[in-house]
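Read off the chains here:
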Amino acid sequence: MEFAELIKTPRVDNVVLHRPFYPAVEGTLCLTGHHLILSSRQDNTEELWLLHSNIDAIDKRECDYKVLQRSV
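Note that this is a predicted model, so its numbers are computed, not measured.

Let us now look at the overall build of the protein. The helix and strand tally for the protein stands at 1 helix and 6 strands. Listing the helices and strands of the protein from first to last along the sequence gives α-β-β-β-β-β-β. Each of the 72 residues in the protein was classed as buried or not, and the buried ones make up 14%. When contacts within the protein are restricted to residue pairs at least 6 apart in sequence, those whose partners lie at least 24 apart make up 12%. Accessible area of the protein: about 6,200 Å², with a carbon and sulfur share of 53%.

Structure, rendered in structure tokens:
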């Protein structure tokens, strides 16, 4: 069974990405078999593609998700 077949909710609206030294980005988060994709809702000015292998952990707190940064 492929990972993509296990995804129950492939899309989440009204997600906010907070990054150091950049303004927050509000958009839609899509989960595919290989990527997390965040598309900005503001004129589609930003799009972020992350491979699953680049994510160490995701923290869920009362419907808030936070991707923990990896030290390289």
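What follows covers the pattern of salt bridges. If charged atoms from side chains of opposite charge come close, those side chains can pair. Within the structure shown, the criterion is met by 2 salt bridges. Residue R11 pairs with D13 through a salt bridge whose shortest N-O separation is 3.4 Å. Classification of R11 as exposed rests on a relative accessible area of 52%. When its relative accessible area of 40% is taken as the criterion, D13 is described as partly exposed. R19 is paired through a salt bridge with E46; the nearest N and O atoms lie 3.0 Å apart.

Turning our eyes to something else, we now look at the side chain of T28. Looking at the secondary structure, you find T28 in strand β2 (residues 25–31). There is a polar contact of 3.1 Å between the side chain of T28 and the side chain of D13. Sequence-distant contacts of T28, defined by excluding residues within four places in its chain, comprise R11, V12, D13, I37, L38, S39 and R41.

Next up on the list: the sheet that holds β2. What the 4 strands build is an open sheet, ordered β1-β2-β3-β4; its pairing is antiparallel. The two strands at the open ends of the sheet, each matched to only one other strand, are β1 (11–17) and β4 (47–51). Averaged over all pairs of adjacent strands, the angle between strand axes in this sheet comes to 25°, irrespective of strand direction. Relative to β2, β1 runs antiparallel, the two sharing 5 bridges. Residue pairing across strands places L17 opposite V25, the latter belonging to β2.

A few words now on the confidence of the model for the protein. Of the residues in the protein, 75% reach a pLDDT of 70 or more, and the chain-wide mean stands at 77. When pLDDT is averaged over each element of the protein, β2 comes out on top at 88 and strand β6 (residues 64–67) at the bottom at 55.

Parameters and conventions
Residues numbered from 1 in each chain as written. Predicted model: local features only at pLDDT ≥ 70, side-chain atom pairs only at ≥ 80, totals over all residues. Heavy atoms only, no water. Helix = DSSP H or I, 4+ residues; strand = E, 2+ residues; numbered from the N terminus. Buried < 20%, exposed > 50% of the residue type's maximum accessible area, 1.4 Å probe, protein only. Contact = heavy atoms within 4.5 Å. Areas by Shrake-Rupley, 256 points an atom, 1.4 Å probe, with all protein chains shown as cover. Salt bridge = Lys/Arg side-chain N within 4 Å of Asp/Glu carboxyl O. Polar contact = N/O pair within 3.5 Å; in protein donor to acceptor, adjacent residues only side chain to side chain. Pairing = 2+ DSSP bridges. Axes fitted to C-alpha atoms, helices over the stretch in contact; angles between N-to-C directions. pLDDT = per-residue confidence, 0-100.

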